[in-house]
Amino acid sequence: MIEGIIAAVIGIIAGVGGTTAYVRNKTANGKHKADQVIADAKIKASDIVVRAKDDALRLADEAKKEENERRRGWQKTENRLAEREVSLDRKIDELDKRAEGLRSQEDEVDTLKNDIRDIRVRQQEKLEKIAGLKKEDAARKLMEMTERDIKQDLVGLVGKLQNDARDTAEEQAQLILVTAMERMSSEVTAERTVTAIKLLDEEMKGRIIGKEGRNIQALQRATGVDILVDDTPGMIILSSFDPVRRQVARMTLEMLMKDGRIHPGRIEEVVAKAEKEIGKEVTRAGEDAAREVGVVGIPKEMIQLLGELKFRTSYGQNVLMHSTEMAHMAGLIAEEIGADVRTTKIATLLHDVGKAVTHKVEGKHHHIGAELARKYGMSEAIVHAIEAHHDDIEATTPEALVVRVCDALSAARPGARNISAENFAERMRDLENIANSFPGILKSYAISAGREVRVIVTPESIDDLSAIKLARDIANKIESTMQYPGTIKINVIRETRAIEYAK
């Protein structure tokens, strides 16, 4: 047991001694390698330091070269600036010399002006003494002579300029208007406030009147239309200024005569049905007109009023057809002149919408129509175009002018309107009275069915230039005070006669 322990201790000691020797050997080898590494590092560091010095010297040389180049550039710039400064100084000196020269010349010019002014005054005084006239009198006589000499030339020049402007403007306007009028075609109807319905027989007449007139009274109360059964044999006459009511009464009577049952209760029922049918027809007519013209977005209230124009006539024209054809023309003209086509079409289509309520609302139809358009939220451009399509309000937009022109075109078309002889004679008298209201008029005649006014003036009071102005003034007064289709020619005639007798 003890021997074993001793052997183990001896073994441990021997192992420790061997390990110590191994460690010593390793340490010696590591130290040698470390010395070798340090030596190599010193060599490499020395090489790096040498290369760094070389790079530093090279960079320093390059920096010196760049510095020298920059200095040479600065020196050149300084030299150029110095040269320019010398040149500017030289130019300033030259300008100073020129200014001195100009000042001396200005003094000479002022002296010459004074001399010339003195000479002119002395000459004027001499001329005034010789002619016996003051300066103002001589100038006035000279102006009179000049005016007398060139007046005829001025008359010719004014006439030429007017003719050139008129020819150019008329050519363009005629092209646009003729293009639009080629698309226009509408019927003429008789303006009326009554409707006639043919009776089937005399028995039907009695049934319509009813016992003690109860049926006819019920009809008149329900429709608001005057019904006349005794004025025309075999006919019933419906009279009312409201065309829609008259149409309701006509449909009611036709339905009652077809059905045969006529009594107050049945009359109220049929009137209600007729009103519903006419309302649908009115709405459909307004929508069809807007669709035909090609516009959308019109308020339904305005569409309803537009449809009522189907039963209205004015001067023999059906108002709805008149408005529709005008809208087509207005669209063509607006496109040609660059106006707003949609605004123009809507305003033209609705320009007479006030006529649908003129029997209910007091005022002129164009003012009523404008108020209705404003009430239902339409744009101010459309409102103005509706309101200005007659002459009492100035048209300030191209769209309003197009509406006014199209209204005149539609009315001026041959056969478009039925005008009574009394109205025609009154218009002729008005034309002559307007011409006679100007001074210097000897006689005036409205000729060519009111398309021309021939004015004869006294030559002593009206000269050639005044005749041109007189024609323009008469035309302006006719435009501002009368309503007429188409155009009216103003022909001013100034005649001078020299009469002598040989004996």
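Description of the structure in this document. (Residues numbered from 1 in each chain as written. Predicted model: local features only at pLDDT ≥ 70, side-chain atom pairs only at ≥ 80, totals over all residues. Heavy atoms only, no water.)

On to the overall build of the protein, then. Across its full length, the protein holds 14 helices and 8 strands. Residue burial in the protein is summarised as follows: out of 503 residues, 31% are buried. Residue pairs in contact within the protein that sit at least 24 positions apart in sequence constitute 61% of those at least 6 positions apart. (Helix = DSSP H or I, 4+ residues; strand = E, 2+ residues; numbered from the N terminus. Buried < 20%, exposed > 50% of the residue type's maximum accessible area, 1.4 Å probe, protein only. Contact = heavy atoms within 4.5 Å.)

A contiguous patch of negative charge on the surface is contributed by Glu85, Asp89, Asp93, Glu94 and Asp96. Of note, Asp96 is situated in helix H1 (residues 2-131). (Patch = residues over 30% accessible without salt bridge, like charges linked within 9 Å, V, L, I, M, F, W, Y side chains within 5 Å. Areas by Shrake-Rupley, 256 points an atom, 1.4 Å probe, with all protein chains shown as cover. Salt bridge = Lys/Arg side-chain N within 4 Å of Asp/Glu carboxyl O. Lys, Arg positive; Asp, Glu negative; His and termini not counted. Charge placed at Lys NZ, Arg CZ, Asp CG, Glu CD.)

Next up on the list: a positive patch on the surface. A cluster of basic residues, Arg72, Lys76, Arg80 and Arg84, forms a positive patch at the surface. Looking at Arg80, the relative accessible area reads 46%, which means it is partly exposed.

Our focus in this paragraph is the pattern of salt bridges. In total, this model carries 15 salt bridges according to the counting rule given. Linking Arg71 and Glu67 is a salt bridge whose minimum nitrogen-to-oxygen distance equals 3.2 Å. Highlighted residues: Arg71 and Glu67, both in helix H1, separated by 4 residues, approximately one helical turn. According to the relative accessible area criterion, Arg71 is exposed, its value standing at 52%. Measuring nitrogen to oxygen at the nearest pair gives 2.7 Å for the salt bridge that ties Asp288 to Arg291. Of this pair, Asp288 and Arg291 both sit in helix H6 (residues 264-293), 3 residues apart, which is roughly one turn of the helix. Its relative accessible area of 36% is what places Asp288 among the partly exposed residues. Taken together, the shared-partner salt bridges in this structure form one network comprising Asp55, Arg58 and Glu62.

Our next topic: the pairing of strand E7 (residues 452-457). As paired elements, strand E6 (residues 441-447) and E7 share 6 bridges and run antiparallel to each other. Of the residues in E7, the one forming a bridge with Ser444 is Val455. Where E7 and strand E8 (residues 489-494) come together, 6 bridges link them in parallel fashion. In the sheet register, Val453 faces E8, and the bridge partner there is Ile490. (Pairing = 2+ DSSP bridges.)

Turning next to the packing of helix H4 (residues 214-223) against H6. Packing of H4 against H6 brings their axes to within 9 Å, and their N-to-C directions diverge by 30 degrees. In terms of their interaxial angle, H4 and H6 are classed as roughly parallel. The two elements H4 and H6 meet at a crossing, and its hand is right-handed. On the side of H4, the interface is formed by Asn215, Ala218, Leu219, Ala222 and Thr223, while H6 contributes Pro264, Ile267, Val271 and Glu275. (Axes fitted to C-alpha atoms, helices over the stretch in contact; angles between N-to-C directions. Parallel < 35°, antiparallel > 145°, perpendicular 65-115°, else oblique. Left-handed = near helix turned anticlockwise from the far one by under 90°.)

The strands that make up a sheet pair up through hydrogen bonds in the backbone, lying either parallel or antiparallel. Strand order in the open sheet formed by 3 strands is E6-E7-E8, and the pairing between neighbours is mixed. Every other strand in the sheet has two partners, leaving E6 and E8 as the edge strands with one partner each. Between one strand and the next, the sheet's axes are offset by a mean angle of 15 degrees, whatever the strand orientation. Here helix H14 (residues 464-481) sits on the sheet and contacts E6, E7 and E8; the angle it forms with E8, its principal contact strand, is near 150 degrees.

Attention shifts here to the packing of aromatic side chains. A complete count under the given rule lists 0 aromatic pairs for this structure. Positioned above the aromatic ring of Phe438, the side-chain terminus of Lys477 is 5.5 Å from the ring centre. (Phe/Tyr/Trp six-rings, centres within 6.5 Å; stacked < 30°, edge-to-face > 60°. Lys NZ or Arg CZ within 6 Å of the ring centre and 35° of its normal.)

The next point concerns helix H9 (residues 341-349). Of all 9 residues in H9, 7 are buried, a share of seventy percent or more. The complete set of buried residues in H9 reads Thr343, Thr344, Lys345, Ile346, Ala347, Thr348 and Leu349.

What follows concerns the nonpolar core. Judged by nonpolar contacts, the single largest core of 41 residues is most densely connected at Ile298, Met302, Leu349 and Leu350. Counting residues per element, the ones that place at least two in this core are H6, helix H7 (300-308), helix H8 (319-337), H9, helix H10 (365-375), helix H11 (380-387) and helix H12 (398-412). Leave out the neighbours within four places in its chain, and Met302 touches Leu350, Val353, Leu372, Ala373, Tyr376 and Met378. Of all hydrophobic cores here, the second largest spans 27 residues; its members include Leu199, Ile216, Val244 and Leu256. (Core = buried A, V, L, I, M, F, W, Y, C linked by side-chain atoms within 4.5 Å.)

Okay, the side chain of His366 next. Note that His366 resides in helix H10. Relative accessible area serves as the criterion here: at 4%, His366 is assigned to the buried category. Here the side chain of His366 touches His367 through a polar contact of 3.5 Å, side chain to side chain. (Polar contact = N/O pair within 3.5 Å; in protein donor to acceptor, adjacent residues only side chain to side chain.)

The next subject is H11. Most of H11 is tucked away: 6 of the 8 residues are buried. All buried positions along H11 are accounted for by Ile382, Val383, His384, Ala385, Ile386 and Glu387.

With that out of the way, let us pick up the environment of Gln220. Within the secondary structure, Gln220 is located in helix H4. Residues Gln220 and Ala249, spaced 29 residues apart in sequence, show a C-alpha to C-alpha distance of 8.5 Å. Side-chain polar atoms of Gln220 contact the backbone nitrogen of Ile227, separated by 3.0 Å.

Here we take up the packing of helix H5 (residues 243-259) against H6. Interaxial distance between H5 and H6 falls to 8 Å at its minimum, and their mutual angle equals 125 degrees. By the criterion of interaxial angle, the relationship of H5 to H6 is oblique. Two packed elements cross with a definite hand, and for H5 against H6 that hand is right-handed. Contacts between H5 and H6 pair Val244, Gln247, Val248, Met251, Thr252, Met255, Leu256 and Asp259 from the former with Arg266, Ile267, Val270, Val271, Lys273, Ala274, Glu275, Glu277, Ile278 and Glu281 from the latter. In terms of residue class, the contact of H5 with H6 is built from 10 nonpolar, 2 polar and 6 charged. (Nonpolar A, V, L, I, M, F, W, Y, C, P; charged D, E, K, R; others polar.)

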